[in-house]
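Observations on the model geometry
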There are 2 protein chains.
Amino acid sequence: MTNFRLTISYDGSRYSGWQRLGHTPDTIQGRIERVLAEMAGHAVEIHGAGRTDAGVHALAQVAHVRLNTRLSPAEVQAYLTRYLPGDIAVTGCEAVGERFHARLNARGKHYRYRIWNSPIPSVFERKYLYQYPGALDLERMRQGARLLCGTHDFRAFCSNRRIKKSTVRTLHSLTVERLGDEIRLDFHGTGFLYNMARILAGTLVELGAGSRSPESLTAALESGDRALAGVTLPPQGLFLVSVDYDA
Amino acid sequence: MTNFRLTISYDGSRYSGWQRLGHTPDTIQGRIERVLAEMAGHAVEIHGAGRTDAGVHALAQVAHVRLNTRLSPAEVQAYLTRYLPGDIAVTGCEAVGERFHARLNARGKHYRYRIWNSPIPSVFERKYLYQYPGALDLERMRQGARLLCGTHDFRAFCSNRRIKKSTVRTLHSLTVERLGDEIRLDFHGTGFLYNMARILAGTLVELGAGSRSPESLTAALESGDRALAGVTLPPQGLFLVSVDYDA
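Numbering of residues starts from 1 in each chain and follows the order in which that chain's sequence is written. To read the labels, note that chains go from A and ligands from 1, taken in the order they are written. Local features in this predicted model are restricted to residues of pLDDT 70 or higher, and side-chain atom pairs are both shown and tallied only at a pLDDT of 80 or more, whereas totals for entire chains, interfaces and linings draw on every residue. For the side-chain quantities, the full set of heavy atoms in the structure was used; hydrogens and water were omitted.

**Side note on the overall build of chain A**
- Elements are defined by DSSP. Helices are runs of H or I of four residues or more, strands are runs of E of two residues or more, and each kind is numbered from the N terminus. Check the secondary structure of chain A and you find 5 helices and 10 strands.
- Computation of the radius of gyration draws on C-alpha atoms, with the globule rule given as 2.2 Å multiplied by the number of residues to the power 0.38. Computed over its C-alpha atoms, the radius of gyration of chain A comes to 19 Å, within 12% of the 18 Å expected for a compact globule of 247 residues.
- Structurally, chain A occupies a C-alpha span of about 60 × 40 × 35 Å along its principal axes.
- For each residue, the accessible area found with a 1.4 Å probe, counting protein chains only, is set against the maximum for its type, and the residue is called buried under 20%, exposed over 50%, and partly exposed in between. Here chain A, with 247 residues, has 51% of them falling under the buried criterion.
- Working rule for contacts: check all heavy atoms of both residues, and any pair within 4.5 Å makes them a contact. For chain A, long-range pairs separated by at least 24 residues make up 71% of all intrachain contacts whose partners lie at least 6 apart in sequence.
- Taken as a whole, chain A presents about 11300 Å² of accessible surface, with 48% of it coming from carbon and sulfur.
- Averaging the coordinates of the 31 positive side-chain charges in chain A and doing the same for the 24 negative ones gives two points 5 Å apart. The Shrake-Rupley method, run with a 1.4 Å probe sphere, supplies the accessible areas, and residue values consider only the shown protein chains as cover. Counting rule for charge: Lys and Arg are taken as positive, Asp and Glu as negative, and neither His nor the chain ends is counted. Taken as the charge centre is NZ of Lys, CZ of Arg, CG of Asp or CD of Glu, depending on the residue.

Have a look at this one:
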């Protein structure tokens, strides 16, 4: 068995997310496993670094998979390119040590939430943006971003109310940048709770729109109460940009 | 009646092209006319500067339309934004003089053909690129582009074999540029024959791939024989970028 590390780009629009779960109709993990099982002639389990939700995209998801094959990494990649649908692409494939685990070895992740801040829809990127036509005060959003950075209990920013494990995470940075009509929120952190990036984005939009105060963010963090945080923005604006590992 | 000038952006993927023709199922012109007729309460005819083919996109198509309405241009634009599907956007709307005609007054057009020159598909722009994985010699393509520029009879670069009007056009410039894995062909000209940009692009790709010589381009131009020019590349890589008018 050889352990392969894959880098994967996907348009999540028509999938039920990354993770294969029982009879979930169509997941990215399931699609890749099916192609690799056909190639290797044995059952295959692929482990992704991040379990992106339904409709969320990835520029460079990382996964590992053990395969009993004599094919070279380049040949495995070419096989996947040939049989995967056009909305999933394997952009990198290499043989790695037995002990490499895409999720357990990940030191951090970079997520991006893209907001289209214009009353005129973006025709070509409409599936990759959340449109917010109103005015947004970026300085207020940056002020909120600074309050959210650091190590906190992010329980209020998580959709899973029954979570029993620790909800403490470290957000290394959260930047708010305007590029023409687009506003990009870039999150770098050790890990992200269920829907955390989308709730953080929703909270910052409410802050930028003036419908909440910077103090309300501190209150949400301290209370751990989901009701005190902002709305969960839709999945199509969210991208898993990259996963960080030790060199 | 007020004459309105519209600037329109569209993803042509699911349309039978710009022009409404009899019972053609779904065209961009037909979609916009239906919304405006509902708004104005009278039959509406919209005239576009360029009749893009099925599957071809536009960044800034220009059209004019006479409407019996008291709505301001901003209100007309807002109405269109509200009722048009997400793959058609009106990015500009202004009241213009009675005599403005989008097609007859156009001095020239800018088309772009986008080639994805990589063996790995582009996930997010797959509907807006033509993938060519092989090696392409850009210097040879630029050499061919120089031969094609100027005023020529482009009959060999036209899919309509029964054309009776003049097939002489002026190609002001044709640039070949690489941006990462993308190769962009930018055509500026007085007018374009049926499929002309796509046949010019196909001919330049054959030249860049080494399967034809620069001399064969001159032979095609001089003969007027469609069989001597290159293949018609698929529509999804083609964009009407802009239409030029006198200031």
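Now that the structure has been shown, the text picks up again.
**Brief notes about the interface of chain A and chain B**
- At the interface, 23 residues of chain A touch 23 residues of chain B.
- A simple way to read buried area is as the amount of 1.4 Å-probe accessible surface that goes missing from two parts once joined, with both sides added. Roughly 1600 Å² is buried in total at the junction of chain A and chain B, and carbon and sulfur atoms are behind 68% of that figure.
- In terms of surface lost to chain B, no three residues of chain A exceed Ile120(A), Val123(A) and Phe124(A), which account for 38% of the buried area on that side.
- Definition used for salt bridges: Asp or Glu carboxyl oxygen within 4 Å of a side-chain nitrogen of Lys or Arg. In this assembly, chain A and chain B are joined by 2 salt bridges.
- A salt bridge links Arg126(B) to Asp11(A); its shortest N-O distance comes to 3.2 Å.
- Polar contact is the term for a pair of N or O atoms within 3.5 Å; when the atoms are in protein, one must be able to donate a hydrogen and the other to accept it, and sequence-neighboring residues count only if both atoms are side-chain atoms. Taken together, the links from chain A to chain B amount to 2 residue pairs in polar contact (both at pLDDT 80 or more).
- Mapped onto the side of chain A that touches chain B, the elements with two or more residues apiece are strand 1 (2-10), strand 3 (57-67), helix 2 (73-83) and strand 4 (88-96) of chain A.
- Per-element accounting of the side of chain A that touches chain B gives the leading share, 4 residues, to strand 4 of chain A.

**Concerning the environment of Phe124(A)**
- Tracing the chain through its elements places Phe124(A) in the loop between strand 5 (108-116) and strand 6 (130-131).
- Given a relative accessible area of 17%, Phe124(A) falls into the buried group.
- Remark: the alpha-carbon pair of Phe124(A) and His101(A), spanning 23 residues in sequence, is separated by 36 Å.
- The residues contacting Phe124(A), other than those within four sequence positions of it, are Ser9(B), Tyr10(B), Asp11(B), His57(B), Ala58(B), Leu59(B), Tyr128(B) and Phe239(B).

Honestly, that's just the spatial picture; any functional story needs more than this.
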